[in-house]
Amino acid sequence: MGTETPMVKVEHLYKEFDTETKVLKDINLTVNKNEVIAILGPSGTGKSTLLRCLNYLTVPTKGIIEIGGLRVDAEKHTKKEVIELRKHSSMVFQGYNLFKNKTALENVMEALIQVQKKPKAEAEKISLDLLKRVGMLERKDFYPSKLSGGQQQRVGIARALAVNPNVLLFDEPTSALDPELVGEVLNTIKSLAEEGTTMLLVTHEIGFAREVATRVLFMDGGRIAADGTPEEIIDHPENERVRQFLNFIKK
Amino acid sequence: MFKISYFMEILPIIGSKVNVTFELTIVSTIFALLVGVVVAIISYYKVGGFYQLTRVYVSIMRGTPIVAQLYFFYYGLALYSAMIRNMTPLIAVSVVMSLNMGAFMSESIRGALLSVDEGQKEAAYSLGMTNFQLITRIIIPQAVRVALPPIFNDVINLIKTTSLAFMLGVPDIMGAAKIEGAKTFRYFEIYAAVMLIYWVIIFVLGILHKLLEKKCASMY
């Protein structure tokens, strides 16, 4: 379990797209080192928005986000702070979002060379190790267009791991995959969980969340409606909305 | 009837003017590309103030005949600008064709920039890359591949459009044809020669265009 070192802290986070659409309402959350947190909930309740606020792909309306000791206040953030904040996390996307003009290896190396300014040889060594870890070493010289969805997503995971983030953010990583390709990606994520990678995972795979998560958040209407262990939230839900949701999913 | 001997005699005389066509094409292409890139970037980022201006420019250039633009520039604007009055016809034509083609190319380039999906940009940002790194390492390399074939097509159109240069007195292929025609009145052979010359040039470029399209499509 966690060593109780906070990696991510979210304080009073709000996101309003306009006065009518309040997507996040006063989110407070602390993520400790080695925690694997699954975020569940119905569509449109702000799960992805919460994740995207953490690296400012969606700019929060107000509130504080702290990752790896760097605090950014939404109401007075600067461009520089945002770029620094982003260097502390990395994201795996629903649509993989690999750079199409780069090979699998180049995709993983890109941030190491451009952002972390590592020498090419070192970046290549790190990247090859990671590609091996996600089982994509043989395809290192393939362009994304020549890879299946599952393979692309595994490269996406390697790319996100390369920057050695404080927290790894997964935004529905298997939702765009053909059913037979989901397994390979989930297995990759599971092995990361076993190695103690700190992760936040928005997913609809309840069974998977039950298996790998150390903690489950249930979001409803822009708030965290339930927060607990997988046993508490998934096996013995007390919250009525959680029960409704789980029943609905099981059907 | 069609006199082969006259046709063969006239062909090299008219053909000797292709250098004017090439000159016009190359100069206009270079400046049109410059204009196109600048306008495309302004449109892509919707740069405040300039954006509306570029939209008006593109709309006028694409929405009016190039002959009218040539006359408007060389005979109309010249009334109020000593700089234009002092231009040689070749330079005046180059200016108008650069501006005209620049508008078309800017749209080809803008489309190419827009073709790079939002997801890749988000991925770059999520890794802490700067806007500059995103543009130079991800967007431009992909946009070039998308933009090249349509830009090449624009250049092919430009070559044909240069045949209007003689309207301002530039002695190009059309000019040579007109001069010969005034001497012999054998328009049948003369304009057959003109068409053959343009057709050969465009045909060769057309083959290059096909090759380029194939190469761009198979790059990754």
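All values reported here derive from a predicted model rather than from experimental measurement.

Participant: What is the right way to look at the packing of helix 3 (residues 50–63) of chain B against helix 6 (residues 89–114) of chain B in this model?
Facilitator: How two helices pack is summed up by the angle between their axes together with the distance between the axes. Residues and elements named next belong to chain B. Orientation of helix 3 relative to helix 6, taken along the N-to-C sense of each, is 120°, at an axis distance of 9 Å. As helix 3 packs across helix 6, the resulting crossing turns out to be left-handed. Each of Arg55, Tyr57, Val58, Met61 and Arg62 in helix 3 lies in contact with helix 6, whose residues at this interface are Leu99, Asn100, Gly102, Ala103, Phe104, Ser106, Glu107 and Arg110. Here the contact of helix 3 with helix 6 is built from residues that sort into 6 nonpolar, 3 polar and 4 charged.

Participant: What is the right way to read the pairing of strand 9 (residues 215–220) of chain A from this model?
Facilitator: Side chains on a regular strand alternate between the two faces of the sheet. Residues and elements named next belong to chain A. Among the 6 residues that make up strand 9, 5 are buried, leaving the element largely enclosed by the rest of the structure. Examined bridge by bridge, strand 3 (residues 36–40) and strand 9 share 4 bridges and lie parallel to one another. Within strand 9, the residue paired with Ala38 across the bridge is Val216. The pairing of strand 9 with strand 10 (residues 223–228) spans 5 bridges and is classified as antiparallel. Its bridge partner being in strand 10, Asp220 is matched across the sheet by Arg223.

Participant: Looking at this structure, I do not really get the packing of aromatic side chains. What am I missing?
Facilitator: Here the distance between the centres and the angle between the planes together describe a pair of aromatic rings. The full count for this structure, using the stated rule, is 8 aromatic pairs over all chains. Geometrically, the ring pair formed by B:Phe2 and B:Phe7 is tilted, given 5.3 Å between the ring centres and 45° between the ring planes. A ring pair is formed by B:Tyr71 and B:Tyr75, whose centres lie 5.5 Å apart and whose planes are at 50°; its orientation type is tilted. You can see B:Tyr71 and its partner B:Tyr75 sitting in helix 4 (residues 66–76), 4 residues apart, about one turn around the helix. Taking the relative accessible area as the measure of exposure, B:Tyr71 reaches 34% and is therefore partly exposed. What links up through ring pairs into an aromatic cluster is the set B:Phe2, B:Phe7 and B:Phe188. The ring of A:Phe17 carries A:Lys15 above its face, with NZ or CZ at 4.8 Å from the centroid.

Participant: How should the environment of A:Ala162 be read in this particular structure?
Facilitator: All names here are of chain A. Turning to its location among the elements, Ala162 is positioned in helix 5 (residues 149–162). Taking the C-alpha atoms as reference, Ala162 lies 34 Å from Gly221; in sequence the two are 59 residues apart. When near neighbours in sequence (up to four residues on either side) are disregarded, Ala162 contacts Val108, Leu112, Ile126 and Leu130.

Participant: How do you make sense of the sheet that holds strand 4 (residues 62–67) of chain A when you look at a structure like this?
Facilitator: Paired through backbone hydrogen bonds, the strands of a sheet run either parallel or antiparallel to each other. Residues and elements named next belong to chain A. Taken in spatial order, the 4 strands of this open sheet run 2-1-4-5, and their pairing is antiparallel. In this open sheet, the two edge strands, each paired with only one partner strand, are strand 2 (22–32) and strand 5 (70–73). Each adjacent strand pair in this sheet contributes to an overall mean axis angle of 15°, direction not counted. Direction of pairing for strand 1 (residues 6–16) relative to strand 4: antiparallel, over a ladder of 5 bridges. The partner of Val10 across the bridge, within strand 4, is Ile65. Across the sheet, helix 1 (residues 47–54) touches strand 1, strand 2 and strand 4, and the angle it forms with strand 1 is around 120°.

Participant: Honestly, the pattern of salt bridges in this entry has me stumped. Any pointers?
Facilitator: Once their charged atoms are close, side chains differing in charge can pair, the charge on each being opposite to the other. Tallied over the full model, the rule gives 23 salt bridges over all chains. Among the salt bridges present, the one from A:Asp141 reaches A:Lys140, with a minimum N-O distance of 3.2 Å. In this structure, B:Arg62 engages B:Glu107 in a salt bridge whose closest nitrogen and oxygen atoms are separated by 3.8 Å. Residue B:Arg62 is located in helix 3, and its partner B:Glu107 is located in helix 6; the two are separated by 45 residues in the primary sequence. For B:Glu107, a relative accessible area of 18% gives the class buried.

Participant: Would you take a moment to explain the interface of chain A and chain B for this structure?
Facilitator: How big an interface is tends to be stated in terms of accessible area lost as the parts join. The partner chain B presents 20 residues to the 27 residues of chain A that form the contact. Taking both partners together, chain A and chain B bury about 2,000 Å²; carbon and sulfur atoms supply 57% of that area. When the buried area of chain A at its contact with chain B is split by residue, A:Phe99, A:Lys100 and A:Asn101 rank highest and sum to 27% of it. Taken together, the links from chain A to chain B amount to 3 salt bridges.

Participant: What should I look at first to understand the nonpolar core in this one?
Facilitator: The tendency in soluble globular proteins is for nonpolar side chains to be buried as a group. Formed by 72 residues in total, the largest nonpolar core has its most connected members in A:Ile39 and A:Leu54. Every residue in contact with A:Ile39, bar those within four places of it in the chain, is listed here: A:Lys47, A:Leu50, A:Leu51, A:Leu200, A:Leu201, A:Val202, A:Thr203, A:Leu217 and A:Met219.

Participant: It is not clear to me how helix 6 (residues 179–194) of chain A should be interpreted in this structure. Could you clarify?
Facilitator: In an α-helix, one full turn covers 3.6 residues, which means residues spaced three or four apart are oriented alike. Residue and element names in this part refer to chain A. Across its 16 residues, helix 6 extends 23 Å between first and last C-alpha, which sits within 8% of the 22 Å expected from 1.5 Å per residue. Where helix 6 is concerned, the buried positions are Leu181, Val182, Val185, Leu186, Thr188, Ile189, Leu192 and Ala193. With its buried residues spanning 155° around the axis, helix 6 presents them on a single face. In this structure, helix 6 carries Glu180, Asn187 and Glu194 as exposed residues pointing more than 90 degrees from its buried face. Of the surrounding secondary structure, the elements contacted by the buried residues of helix 6 are strand 3, helix 4 (120–133), helix 5, strand 7 (167–171), strand 8 (199–202) and helix 7 (206–212).

How each quantity is defined
- The written sequence of each chain sets the order in which its residues are numbered from 1.
- Think of it this way: whatever chain is written first is A, whatever ligand is written first is 1, and the rest follow in order.
- Restriction of local features to residues with pLDDT of at least 70 applies here, the model being predicted, together with a cutoff of 80 or more for giving and counting side-chain atom pairs; totals for whole chains, interfaces and linings are based on all residues.
- Side-chain measures here rest on the full set of heavy atoms in the structure, leaving out hydrogens and waters.
- Structural elements are reduced to axes, namely lines fitted to C-alpha atoms, with helices fitted over the stretch in contact, and the angle between N-to-C directions of any two is expressed from 0 to 180 degrees.
- Under the scheme used here, helices are H or I runs from DSSP no shorter than 4 residues and strands are E runs no shorter than 2 residues, and both carry numbers assigned from the N terminus.
- Left-handed describes a crossing in which the near helix is turned anticlockwise from the far one by less than a right angle; the clockwise case is right-handed.
- Residues are treated as being in contact if the distance between any of their heavy atoms lies within 4.5 Å.
- All residues other than Ala, Val, Leu, Ile, Met, Phe, Trp, Tyr, Cys, Pro, Asp, Glu, Lys and Arg, Gly among them, are scored as polar; the first ten of these are nonpolar and the last four charged.
- Each residue is assigned to one of three classes by its accessible area relative to the maximum for its type, calculated with a 1.4 Å probe on protein chains only: buried under 20%, partly exposed between the two thresholds, exposed over 50%.
- Two strands qualify as a pair provided that DSSP identifies no fewer than 2 bridges between them.
- Pairing of aromatic rings covers Phe, Tyr and Trp, the last through its six-membered ring, and needs centres within 6.5 Å; plane angles under 30 degrees mean stacked, over 60 mean edge-to-face, and all others mean tilted.
- Lysine and arginine charges are scored as sitting over a ring when NZ or CZ, respectively, is within 6 Å of the ring centre and within 35 degrees of the ring normal.
- The term salt bridge refers to a pairing of a side-chain nitrogen on Lys or Arg with a carboxyl oxygen on Asp or Glu at a separation within 4 Å.
- Note on definitions: buried area is the accessible-area loss of two parts on being combined, 1.4 Å probe, summed for both.
- In these notes, a set of buried Ala, Val, Leu, Ile, Met, Phe, Trp, Tyr and Cys residues joined through side-chain atoms within 4.5 Å is what counts as a nonpolar core.
- A helix's residues, less one, multiplied by 1.5 Å, set its expected span.
- Note: the arc covers the axis-to-C-beta directions of the helix.

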